[in-house]
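Given next are the chains, with one letter for each unit.
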Amino acid sequence: MSRQLRARLSLRPLGRPWRLALVGFSLMLAACSPAGDATATPSQPQLGLSASASGVCAAILALPDRVAAERAFVNVAHQALHGLAADPRLDRTRSARVLEAMQKVEADFSRPADATELTADLTELRSSTDAALQAIGVEVPACAQ
């Protein structure tokens, strides 16, 4: 075997781009893997799903204060809505309705939307969220007004 071929086949440290790719891939795997929390109970996921409706309700009740409504939506409802839409027990139609309604609300918060339009979009999101929760057998929390 020639000296050049042996040099090419030898193990040498990975270059910077490969290290970055390897680290990125490792982080992606860690983010996508289940947490494996031994203290989790079966009711915890359902509590998270009901937070989707509670957060939307809190956003509706916070109106006309857009800042408080957006805070309630982002801090309480947003992630729970993604979890609800991704729930394997939910059919694709209801999942799509939740995501579409959520997209309208996000668009409303990203621009100076009319208060009437924001209220209507939040109400539509609450309705689609309630329907999705009922479809998978999760109790829908009341929205105190």
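The rules behind these values
- Residues numbered from 1 in each chain as written.
- Predicted model: local features only at pLDDT ≥ 70, side-chain atom pairs only at ≥ 80, totals over all residues.
- Heavy atoms only, no water.
- Helix = DSSP H or I, 4+ residues; strand = E, 2+ residues; numbered from the N terminus.
- Buried < 20%, exposed > 50% of the residue type's maximum accessible area, 1.4 Å probe, protein only.
- Contact = heavy atoms within 4.5 Å.
- Areas by Shrake-Rupley, 256 points an atom, 1.4 Å probe, with all protein chains shown as cover.
- Expected span 1.5 Å × (residues − 1).
- Arc of directions from axis to C-beta.
- Disulfide = S-S within 2.5 Å.
- Polar contact = N/O pair within 3.5 Å; in protein donor to acceptor, adjacent residues only side chain to side chain.
- Axes fitted to C-alpha atoms, helices over the stretch in contact; angles between N-to-C directions.
- Parallel < 35°, antiparallel > 145°, perpendicular 65-115°, else oblique.
- Left-handed = near helix turned anticlockwise from the far one by under 90°.
- Nonpolar A, V, L, I, M, F, W, Y, C, P; charged D, E, K, R; others polar.

Caption draft 1: Examining the overall build of the protein more closely. A tally of regular secondary structure across the protein gives six helices and zero strands. Counting helices and strands in the order they occur from the N terminus, the protein gives α-α-α-α-α-α. For the protein, with 145 residues in total, the buried portion stands at 28%. Taking the intrachain contacts of the protein between residues at least 6 apart in sequence as the baseline, contacts between residues at least 24 apart amount to 66%. Within the structure as shown, the protein displays about 9,900 Å² of accessible surface, and the carbon and sulfur contribution to it stands at 59%.

Caption draft 2: Looking closely at helix H5 (residues 92-110). When the terminal C-alpha atoms of H5 are compared, their 26 Å separation across 19 residues agrees well with the 27 Å that a helix rising 1.5 Å per residue should span. By the burial criterion, the buried members of H5 are Ser95, Val98, Ala101, Met102, Val105, Asp108 and Phe109. Considered in projection along H5, the buried side chains sweep an arc of 150° and stay on one side of the axis. Exposed residues on H5 whose side chains face more than 90 degrees from its buried face are Arg92, Gln103 and Ser110.

Caption draft 3: Representation of the state of the cysteines. If you walk through the whole model with that rule in mind, you get one disulfide. What pairs with Cys57 in a disulfide is Cys143, and their sulfur atoms sit 1.8 Å apart. Looking along the S-S bond of the Cys57-Cys143 disulfide, the torsion reads about 95°, which is the right-handed sense. On the criterion of sequence distance, the pair formed by Cys57 in helix H3 (residues 43-62) and Cys143 in the segment after helix H6 (115-135) is long-range, its members being 86 residues apart. For Cys143, a relative accessible area of 24% corresponds to the partly exposed category.

Caption draft 4: Here's a closer look at the environment of Ser110. Tracing the chain through its elements places Ser110 in helix H5. Taking the relative accessible area as the measure of exposure, Ser110 reaches 63% and is therefore exposed. Engagement of the side chain of Ser110 in a polar contact is seen with the backbone oxygen of Ala107, the distance being 2.8 Å.

Caption draft 5: How the structure looks around the packing of H5 against H6. Between H5 and H6, the least distance of the axes is 9 Å, while the angle of their chain directions is 155°. Comparing the axis directions of H5 and H6 gives the class roughly antiparallel. Note that H5 runs across H6; the crossing there is left-handed. Residues Arg94, Arg97, Val98, Ala101, Met102, Lys104, Val105, Asp108 and Phe109 of H5 form the contact with H6, whose participating residues are Glu117, Leu118, Asp121, Leu122, Glu124, Leu125, Ser128, Thr129, Ala131, Ala132 and Ala135. Here the residues of the contact of H5 with H6 are counted per class, giving eleven nonpolar, two polar and seven charged.

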